[in-house]
Amino acid sequence: MDDSPNSSEPLWFPKRDKNGGVFKKNIAQAALKDWDRLREYAARRRIDSSFAADILENIVKSMSAGRHRSSGNAVRNPESYIFARFARRIKRLAIKERRVDYVGTLNELASYTAAQDWEWPLRVMNSIRVREIISYMDPETRSTYWLRTQGLSWKEVARRQGTLVNTATKAYERGLERTRERMRLTEQDEHGS
């Protein structure tokens, strides 16, 4: 550990990475200098400090490798550069991972209205069933269904179809009956009845 640029620091960067690449001392020191701010930034976005440390190590590793390849492109302010790269990676990680909010007691849980939504499985099943029913509709019935779900009155639907209101409603009812019959026949075929 004595050959490490920071063996007594809260983060530890070895002198060389697993592939034998050298960690540049000034980059590692810049990362260590800003570690508290980086860790707090990650914590505000609910990212564990161990993930934050891994991200920082990867940034230092890639910066060290990049500086080794092209020494003419030195970063003028490594702390700011590291923070910007770190922030981008933390944001991406936060988007990928869904975070669970833990509550202390059942009383706190009861105060969250979303936790009291017991109807959501029924809504999901209804949504699936509606999509299935729509797939069995003929084009005319489906068109009328979409117009009605958009809030159009029967009068407006009939006007768009070029028919009378009574004709439009009766055609829709017959279309629903045909849809029901298609679904019944398909179900019978699937069950071998």
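As a starting point, this report considers the structure included with it. What you are looking at is a predicted structure, and each value in this text was computed from that prediction instead of being measured.

1. A closer look at helix 7 (residues 139-149)
Now for step 1: All of the buried residues along helix 7 are Thr141, Thr144, Tyr145 and Leu147. The buried residues of helix 7 occupy an angular sector of 165 degrees when projected down its axis, which confines them to one face.
Now for step 2: For helix 7, the elements touching its buried residues are helix 6 (120-136), helix 8 (154-161) and helix 9 (165-191).
Now for step 3: Downstream of helix 7 by one or two residues, Gly151 has phi in the positive range, about 95 degrees.

2. What about the packing of helix 7 against helix 8?
Now for step 1: At a closest axis distance of 10 Å, the pairing of helix 7 and helix 8 adopts a crossing angle of 140 degrees. Accordingly, the angle class assigned to the pair helix 7 and helix 8 is oblique. In the packing of helix 7 onto helix 8, the handedness of the crossing is right-handed. Side by side, helix 7 and helix 8 meet where Thr144, Leu147 and Arg148 of the first sit next to Trp154, Val157, Arg160 and Gln161 of the second.
Now for step 2: When its residues are assigned to classes, the contact of helix 7 with helix 8 shows three nonpolar, two polar and two charged.

Procedures and definitions
- Along every chain, residues carry numbers that run from 1 in the direction the sequence is written.
- For a predicted model such as this one, the threshold for reporting local features is a pLDDT of at least 70, and the threshold for listing and counting side-chain atom pairs is 80 or more; totals across whole chains, interfaces and linings nevertheless cover every residue.
- To obtain the side-chain values, all non-hydrogen atoms of the structure were included, while hydrogens and water were left out.
- The cut-offs for exposure are 20% and 50% of the maximum accessible area for each residue type, with area from a 1.4 Å probe on protein chains only; residues under the lower value are buried, those over the upper are exposed, and the others partly exposed.
- Only DSSP runs of H or I reaching four residues or more are called helices, and only runs of E reaching two or more are called strands; each is numbered from the N terminus.
- The arc under discussion is defined with respect to the helix axis, by the directions toward the C-beta atoms.
- In this analysis, two residues are considered to be in contact whenever any of their non-hydrogen atoms come within 4.5 Å of each other.
- Here an angle of 0 to 180 degrees is reported between the N-to-C directions of two axes, which are lines fitted to C-alpha atoms, with helices fitted over the stretch in contact.
- The cut-offs work like this: below 35 degrees is roughly parallel, past 145 is roughly antiparallel, 65 to 115 is roughly perpendicular, and the gaps in between are oblique.
- Less than a right angle of anticlockwise turn of the near helix away from the far helix marks a crossing as left-handed, whereas a clockwise turn marks it as right-handed.
- Each residue is assigned to one class: nonpolar for Ala, Val, Leu, Ile, Met, Phe, Trp, Tyr, Cys and Pro, charged for Asp, Glu, Lys and Arg, and polar for all the others, Gly among them.

The analysis is restricted to geometry; functional conclusions fall outside its scope.
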